[in-house]
Amino acid sequence: MTEEEPEPTRATWLPRRALLFFVLVAVLVLVFMWLRPNWFIPENGGDGPTTTAGTTFVQTLSTVGSGDDVVLSDDNTTSSSFTFTRPQDARVTDTRLILFGRSQAEASRPVFLKVFIDGAMQHVERLGDGNRELDIEVAIPQRAVEDNAIDVQVRLSGASGDEQCVTDRELGALVVLEARATRVIGDLDAPLQSVRDVVTGLGQRVTLRIVPPEGDSSGQLARSWIEAATRVGVALTREGYEVRVVDASGDVQDGNSTILIGPVTALAALGWEPSDGATGSILTGRLGDRSVLAVVGTSGDVTVPFRAGGADVIADSPFSTPRTQETESRRGSVMSLAALGLDTSAVQVTRSRAWRVAFSLADLPGGAAPQSARLGFQVPPAPPGSRWLTQIQLNGHLVASRVLAAAGTTDWVDAPLPAAATQVRNQLTVTVARDRDIAGCQVREASYSIALSPDSALVGRTEGAGFTALPAAFASGFETVLPAAAAGDPAQTVSALVPALAEFSGLYGSLDFVWERTPDRRPFVLMGSMPIAGISAPVALSGDRLKASGVDVTSMSNGLVLQTAATHGGAIGLLVTPVGTAADVLLPPLGREAALVVPTGGRALVVDEAGRVVPHPPERTPSP
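The text that follows walks through the structure, step by step, so that each part is easy to find. (Residues numbered from 1 in each chain as written. Predicted model: local features only at pLDDT ≥ 70, side-chain atom pairs only at ≥ 80, totals over all residues. Heavy atoms only, no water.)

We now examine the side chain of T480. Relative to the assigned elements, T480 resides in strand β29 (residues 479-482). Look at T480 and you get buried, because its relative accessible area is 0%. Beyond its immediate sequence surroundings of up to four residues, T480 is in contact with L497, L501, D512, F513, V514 and V525. (Helix = DSSP H or I, 4+ residues; strand = E, 2+ residues; numbered from the N terminus. Buried < 20%, exposed > 50% of the residue type's maximum accessible area, 1.4 Å probe, protein only. Contact = heavy atoms within 4.5 Å.)

Let us look at the nonpolar core. Counting residues in hydrophobic clusters, the biggest one holds 58 residues, and the most contacted among them are I259, F467 and L574. For this core, the leading source of residues is helix α8 (residues 490-504), giving 9 residues. With residues up to four places along the chain from it excluded, the contact list for L574 reads F467, L470, F474, A500, F504, F524, V525, L526, L562 and Q563. Core analysis: the second largest hydrophobic core is formed by 34 residues, L417, L428, I450 and L458 among them. (Core = buried A, V, L, I, M, F, W, Y, C linked by side-chain atoms within 4.5 Å.)

Now for the sheet that holds strand β21 (residues 352-360). Strand order in the open sheet formed by 4 strands is β21-β26-β23-β24, and the pairing between neighbours is antiparallel. The open sheet has two edge strands, β21 and β24 (397-404), and neither has a second partner. Taking each pair of neighbouring strands and ignoring which way they run, the sheet shows an average axis angle of 15°. Relative to strand β26 (residues 425-436), β21 runs antiparallel, the two being bridged by 9 bridges. Note that in β26 the partner of W355 across the bridge is V430. (Pairing = 2+ DSSP bridges. Axes fitted to C-alpha atoms, helices over the stretch in contact; angles between N-to-C directions.)

Enumeration according to the criterion identifies 5 aromatic pairs in this entry. Pairing F474 with F504 gives two aromatic rings, centres 6.1 Å apart and planes at 80°, and the pair type is edge-to-face. With F474 in helix α7 (residues 470-474) and F504 in helix α8, this pair connects stretches of sequence that are 30 residues apart. Here the two residues F474 and F504 agree in accessibility, since each one is buried. What links up through ring pairs into an aromatic cluster is the set F467, F474, F478 and F504. We note R353 situated over the ring of W355; from NZ or CZ to the ring centre the distance is 5.1 Å. Over the face of the ring belonging to W412 we find R374, whose NZ or CZ atom lies 4.3 Å from the ring centre. (Phe/Tyr/Trp six-rings, centres within 6.5 Å; stacked < 30°, edge-to-face > 60°. Lys NZ or Arg CZ within 6 Å of the ring centre and 35° of its normal.)

Burial runs high along strand β5 (residues 92-105): 10 of the 14 residues are buried. Note: β5 against strand β11 (residues 183-188), 5 bridges, orientation antiparallel. In the strand pairing of β11, L97 is matched with V184.

Rendered as structure tokens:
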């Protein structure tokens with residue numbers, strides 16, 4: 001009798017313990033993706049709306065706001081409002097608002113964060129004591145989603161102890177909402193396809209990828225695509241986007257934050273496929289699993305601003321061919337602040353409220369700096385022992401402060417705007433606060449309706465100097481002059497032109513390009529490096545040397561030189577000189593200086609009209 005041999009043990013390709021470990025890790029990842037989805041937002045792709053494999057729509061606060069984090073505090077403002085948009089042609093369901101950031105609150109002062117959507121409170125939560133991470137999910141009612149615009153207000157409220165006689169009635173709390181992680185998220189029933197949906201899906205950071213046709217050794221064909229890319233980049237920058245420009249081999253991993261620029265045949269080589277039936281100068285298509293916009297036409301009148309031109313509202317098909325209509329320049333010496341974005345609706349104010357309005361000299365009548373701001377305040381009568389105060393600032397400079405006396409009517413305040421404080425781009429800040437005498441206990445905290453008059457305006461005209469003189473010179477049009485060498489590196493050329501042209505061209509202004517010509521009698525923006533025959537400017541870049549009056553130093557490796565210039569024929573303009581790679585240069589505010597030398601990632605060097613370097617103000621130790 002033979003003894004049965006034992007059946008050989010089957011070898012497994014993975015030990016059971018290792019398999020259990022991998023299963024546990026996968027479960028933990030899924031749990032954290034549900035509890036902390038913001039941990040999985042990529043650094044380079046979380047700056048704006050995206051579609052994930054065509055099924056999820058995400059729009060971050062950085063897209064709909066200024067790009068900065070929202071701060072709620074006693075010193076800043078205790079409430080903030082912002083409006084999210086949604087795709088109009090692709091249906092979005094299961095929409096949620098995610099508030100992510102951090103909070104600080106005292107244990108002795110209960111403070112509540114309230115969330116309102118379309119005016120109705122949808123969430124209230126007491127802030128935790130001490131320093132806490134903030135991660136709140138609020139369901140958005142479907143009726144609010146169907147309105148296309150989702151109006152959100154976040155507000156701090158609380159009590160500081162009315163039972164005590166105290167002078168400090170501040171909330172003593174801080175909330176910071178991170179712009180790139182606070183977002184609206186929802187499920188899509190189909191990938192984004194229409195132009196307006198894909199425009200809605202543009203993040204605040206937009207990458208322009210220029211793909212000129214092949215076989216263009218002379219650069220002649222690249223010229224028209226440089227002009228088209230510059231027009232698109234300037235329009236996007238003027239509308240608040242952060243624009244980065246790359247060439248055909250550049251990174252396109254920004255998803256919906258990428259716009260391709262080039263002929264259809266060249267874009268097809270990248271794997272981009274236009275939507276079915278799409279024909280026009282602006283098309284939508286697919287690049288991998290992403291919906292990506294492409295500009296495939298070079299005509300000078302097809303790249304109007306997407307928002308101001310209506311592409312985000314009425315372009316409900318996969319293609320669009322907008323055309324620029326020349327508009328008459330604004331005239332006169334009065335510019336409505338409501339037309340510049342000032343909120344003139346009634347708001348509820350308990351202690352104080354700040355209004356901010358940004359304006360560019362290029363958008364004002366004649367491009368001239370205003371002399372004053374005329375503001376109408378509609379405030380209710382103040383309770384006994386209290387009064388309404390206003391303070392007005394221009395670019396951080398206090399220009400007016402007074403007590404509002406005409407309660408119950410419109411009280412007009414004329415705030416002078418000093419020329420020395422005016423910049424090419426400006427911010428006017430108007431604050432109203434309720435001041436009161438300390439008289440006993442149980443001081444009642446109440447909110448009051450306050451509004452700024454719709455007739456509030458910037459008034460008068462004053463002459464600028466340095467950079468602030470250029471918008472007036474450009475008000476009737478200017479030409480952008482490029483050398484032949486600029487066609488050799490389209491991305492470098494567009495990177496240098498976009499920030500400069502965006503500063504000085506109005507929202508509806510057209511751009512005229514000329515090649516290989518020296519400016520003479522017409523205002524100009526010129527790309528080149530001094531010395532240039534027939535042109536005078538304070539800063540020269542010769543070889544690796546940067547020279548001005550009393551200055552002769554080794555130039556920076558990467559950066560941008562901007563300076564005012566003039567022709568022998570009497571025309572004034574702007575000279576743009578890129579140095580090395582100028583793709584990541586951030587321009588500082590432009591004021592009355594004549595030239596700025598801006599290295600990448602560094603502080604700008606200021607030069608006056610005589611070519612002298614202007615020293616930075618010394619840092620002073622504050623008095624105790």
